[in-house]
Amino acid sequence: MIGRAFELFSRRIDGPLMATLALTVALGAAVVYSASGGASVDRVAGQLRNLAVAFAALWVLAQIHPQLLMRLALPVYVGGLALLLGVAFFGELRNGARRWLSLGFITLQPSEIMKIAVPLMLAWYFHRQEQGARLRDFAIAAILLAIPVGLIARQPDLGTAILILASGFFVIFLAGLSWKVIAGLGVAGAASLPFLWGMLHDYQRQRVMTLLDPMEDPLGAGYHIIQSTIAIGSGGILGKGWLNGTQAQLDFLPERHTDFILAVFGEEFGLVGTAILVLLYVLLIGRGLMIAANASTVFARLTAGAITLTFFTYAFVNMGMVSGILPVVGVPLPMVSYGGTALLSILAGFGILMSISTHKQLVQS
Amino acid sequence: MMLGQALRDQQRELTVFRARLMLAGLLILAGFGVLIARFTWLQVVQRDHFYTLAEANRISVVPVVPNRGLILDRNGQVLAANYSAYTLEVTPSKVADLDRAIDELDQVVEVSPRDRRRFKRLQEESKNFESLPIRTRLTEEEVARFAVNRYRFPGFEIKARLFRSYPQGEVASHAIGYIGRINEADVKRIEAANLTTNYKGTDHIGKLGIEGAYERELHGVTGSERVEIDAGGRAIRALSRSEPLSGNNLVVTLDLELQKVAEAAFQDYRGALVAMDPRTGEVLALVSKPGFDPNLFVDGIDPQNWDALNSSPARPLNNRALRGQYPPGSTIKPFMALAALEYRKRTPEFSISDPGFYSLPGMTHRYRDWKKEGHGVVNLHRSIVVSCDTYYYQLAVDLGIDAIHDYLARFGLGAKTGIDIEGELSGIAPSQAWKWNRFRQRWYTGDTVSIGIGQGYMLATPMQLAAMTATLANGGTPVHPRLLKAVQNAKTLEVTPVEGVRGEPVAIKPEHLELVRSAMVGVTSPGGTAVKAGLDAGYTIAGKTGTAQVIGMKQDQKYDASKLREEHRDHALFIAFAPAEDPRLAMALLVENGGSGSGTAAPIAREVFDFYLLGKRPRARQPLDPES
């Protein structure tokens, strides 16, 4: 009985990847517990529910053959785009941003769907170019990417827009966009920086300025970053111990169970803890890159590669922002921060990786 | 061919893909390398710096304010005490819309219009991040009601604090003074005295009187508590504590019961009285009427009360005993008589025939005696008993202004007495040099004439007159009046008496002293100007009445108190000591616009003596009569 259940649950599950994921989320739940004051289990219970849902999604996606996923790419992308347009016209305004769409029975954040849909769509597009991708194909791929990114940036939700832009760019990059074009884009991007600066909202500009000089406004814009670096730095090598971080437990860290949870982690577990977390991420990413390298179709390769690199982007942007080397953008620490939506899209991504990893042999045979 | 091409393309695509994946992998490792380097920088290299910052975040050193010392009268009656009460305080910078918040608060805990006015005034005087009381003395029920609604009022806090109270109200208010909230001038003084640390957490400081002068004794030493706080500033737990040291209790020289009798004796008159032990200079009563209720000042006076006190024509905030400078009038005569004897300008036997006025040789201007028809033949004794002006006009001219100045200065005229509370003025003992310095004018003999009867440029405070009288009473040893009798250490309860300072005796020949004393006893005896004051006393009072003009009279004008507006009536003065043979109490008093010294001032002195010497309280009080 137990054996049968185990067989069911482990069906098409990549063992090493699953083990590393489990270790990471367990660590995350422990830190969420600490970040919630260590007194109430409500939030941890909520996070466990989120984990259950996310792992269910992972399991389901792992069962789906990449071939089917590829067929779903276009409809999901078009549907997501429709929802984004819906947000632009009928979206709910919350905290000055239009990110949510109420369908009466459920409130959706369509940009989250696009985190998966965009890399799938682009991978599908390149997969179809059997003769190999030409420059024209890259241009079309760029347009397919630019539309959702533009819509999301307008909401405004710069953090998500950048992550989706990154995920799409990873597909294009891995599909073999020529270095000349990449260099050209780099130059053009650098040249348009002043223009982009002008397009930013005041609060976004403020975040960049704050990164450069947090002490300019220590109780306002600079507060988050000052307190989080104090927390991490004061943790030292071994940390202050679980539930013993003073910055965390005495409310000095804002958003400490969501975007700034790394500060709690760093304060309570020290450099040893942050190094272990980085190591876990390296293992996950390494496994993801191996799956991508060994995938059998263009679609599978590009999808697996993009998902892995996007995951890295999440981790890097969050850790960079909390430790004060990147501007503050609303990106959670993957699999550690409290919150269901981000967890769902990340574990869904790993589900797809597992599907690619475990269905490979069947295609080859 | 086509298939081969496709395969080659696929092969090429795979090679490119793997190469790029490899490159990405290297970049990822580099990225994590940067992060690890950053964490190492923060957590190893800079760890101590950030640890210090984190500790500074969580540890707050909270001052523990010492209890202020009590003020007791010489018999242990409480003049200033502390009580603990709840206050509701607000930090304005933490509240977005203060007016609305206060309106809402009013639904929970009543905030009266007076509270609001008082708060507005406090707010104007203080910085935005200071915690200011909006309501004081909350009841237990109000505290509970607020606690339930606390979440609605960020920035508001209930605090248990010690408050100062003055149980005697207006009684002795000018001597006790009051404490008030520390203002900018106080902060500067605290900084100058290097006491900033000791005043952390202290909101109040002595402003006037004993409270002001003995601030250091009363305040005590502030303790401290290291407290772990959260980001909202709420204390989570205490880490360590050093206890404060309470301020010392002060025993003052005042006799509360005597003070009450003296104040009551003034009835509705304005004026001042200083009574002291002539042997020690201990001030037993210090009256300045009207007084004020010092309790009003403790937590910031509201503008209405403040305006009332400040704009009242009676000037209740003015300490007349120390700061009122009045012409001493005829009360100066005993001292002038001593000067004349000392300088051999008069003998006891020398007599004049008083026609009712005096004129300088070769001049027609008449300096009039208060008695139009004159006193007839007057010697030194009689000059004091009947207060003959003509005698002293001539005497002053014979002495000359500088001799008068020098002699009176030995009694302390023209200099502060050194009473141990602040604000004292020094009066004026005029001299040629003084007039030159002040007006760049030479002294005329005409200026000297009215000095003889304590008018003209001469001014004295009631405190000075009392000290001079005490010196006269004790046989010529200048006294240094003081209000502090003893200090009680708050911890050991050990009482340390304050040693009085005695001055160098003024040389008064005993026979001269005896002469003047007996004349002053004559003042309160049949035939004297204050006969009623001495009537059936059962002890002897040596006194001297005085009247100080408020407005000048023309040559042919007759003074008629009933026809003058009250504020233009003369001030009434009286100096006295008793018992005359062995003086135990010396005093000077002044009744503003009281008319004559004998009618209003002397009866007040009698009530004070009766109580002090006989323990007798006045029965049905006769109205004071300015015209008798």
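Residues numbered from 1 in each chain as written. Chains lettered and ligands numbered in written order. Predicted model: local features only at pLDDT ≥ 70, side-chain atom pairs only at ≥ 80, totals over all residues.

1. Topic: the overall build of chain B
Counting its regular elements, chain B contains 23 helices and 21 strands. The proportion of buried residues among the 628 residues of chain B is 43%. Long-range contacts, defined here as pairs at least 24 residues apart, represent 75% of the contacts in chain B between residues at least 6 apart. (Helix = DSSP H or I, 4+ residues; strand = E, 2+ residues; numbered from the N terminus. Buried ≥ 20, exposed ≤ 12 C-beta atoms within 10 Å, placed from the backbone. Contact = placed C-beta atoms within 7 Å.)

2. Here's the deal with the sheet that holds strand β9 (residues 235-242) of chain B
All names here are of chain B. Read from one edge of the open sheet, three strands run β1-β8-β9, paired in antiparallel fashion. The sheet terminates laterally at β1 (59-64) and β9, the two strands that pair on one side only. Shown here is a sheet whose adjacent strand axes are inclined to one another by a mean of 30 degrees, direction ignored. (Pairing = 2+ DSSP bridges. Axes fitted to C-alpha atoms, helices over the stretch in contact; angles between N-to-C directions.)

3. Some words on the interface of chain B and chain A
With 34 residues of chain B at the contact, the number on the chain A side is 41 residues. Broken down by secondary-structure element, the contributors of at least two residues to the side of chain B that touches chain A are α1 (2-45) and α2 (47-58) of chain B. The leading source of residues in the side of chain B that touches chain A is α1 of chain B, at 21 residues.

4. Overview of the sheet that holds strand β2 (residues 97-102) of chain A
Adjacent strands of a sheet form backbone hydrogen bonds with each other and so pair up, either parallel or antiparallel. Residue and element names in this part refer to chain A. Taken together, the three strands give an open sheet; going across it, the order is β1-β2-β3, and neighbouring strands pair in antiparallel fashion. Every interior strand has two partners, whereas the edge strands, β1 (92-94) and β3 (107-108), have only one. Sitting on the sheet, helix α4 (residues 66-90) touches β2 and β3, and the angle it makes with β2 is about 115 degrees.

5. Observations regarding the nonpolar core
A general feature of soluble globular proteins is that nonpolar side chains tend to end up buried together. All names here are of chain B. Ranked by internal contacts, the top residues of the largest apolar core, which has 122 residues, are V274, A275, A466, M587, A605 and V608. Taken together, domain 1 (61-252) and domain 2 (256-614) each give at least three residues to this core, which thus spans both. Not counting chain neighbours up to four residues away, the residues in contact with V608 comprise L258, V261, A262, A265, A275, A285 and M587. (Core = buried A, V, L, I, M, F, W, Y, C linked by C-beta atoms within 7 Å. Domains from an automatic or database assignment.)

6. Some details on the confidence of the model for chain A
In this model, chain A carries an average pLDDT of 88, and 95% of its residues clear a pLDDT of 70 or more. Looking across chain A, the model is least confident in β3 of chain A, with a mean pLDDT of 74, and most confident in helix α13 (residues 261-294) of chain A, with 95. (pLDDT = per-residue confidence, 0-100.)

7. Focus: the packing of helix α14 (residues 333-342) of chain B against helix α17 (residues 401-411) of chain B
Residues and elements named next belong to chain B. Remark: α14 packs on α17, axes separated minimally by 10 Å, with the N-to-C direction vectors making an angle of 115 degrees. Here the hand of the crossing between α14 and α17 comes out right-handed. Contact with α14, carried on its side by F335, A339 and E342, involves A403, I404, Y407, L408 and F411 of α17 and no other residues of that element. (Left-handed = near helix turned anticlockwise from the far one by under 90°.)

8. A look at unusual backbone geometry
All names here are of chain B. Across the junction of K289 and P290, the peptide omega takes the value -5 degrees, indicating a cis bond. Topologically, P290 is positioned in the loop between β12 (283-289) and α11 (295-298). For the peptide bond that leads from A578 to P579, omega is -15 degrees, which places it in the cis range. With phi around 60 degrees, A172 is a residue other than glycine that occupies positive phi space. Here A172 shows up in the loop between β5 (156-165) and α6 (173-176).

9. Describing α4 of chain A
All names here are of chain A. Here α4 is 25 residues long and its end C-alpha atoms lie 34 Å apart, about the 36 Å a rise of 1.5 Å per residue gives. Where α4 bends most, at L72, the angle is about 35 degrees, and the proline P75 comes one to four residues later. Those residues of α4 that sit buried are P66, L69, A73, Y77, G80, L81, L83, L84 and V87. (Expected span 1.5 Å × (residues − 1). Bend = angle between axes of the 7 residues up to and from the residue.)

10. What about the pairing of strand β17 (residues 484-488) of chain B?
All names here are of chain B. In terms of strand pairing, strand β10 (residues 249-252) meets β17 through four bridges, oriented antiparallel. Across the sheet, residue V252 finds its bridge partner in β17, namely L484. Here β17 runs beside strand β18 (residues 495-497); their pairing, made up of three bridges, is antiparallel. Residue pairing across strands places A486 opposite P497, the latter belonging to β18. Remark: six residues form the turn of the hairpin made by β17 and β18, two consecutive strands paired antiparallel; L493 in that turn has positive phi of roughly 60 degrees.

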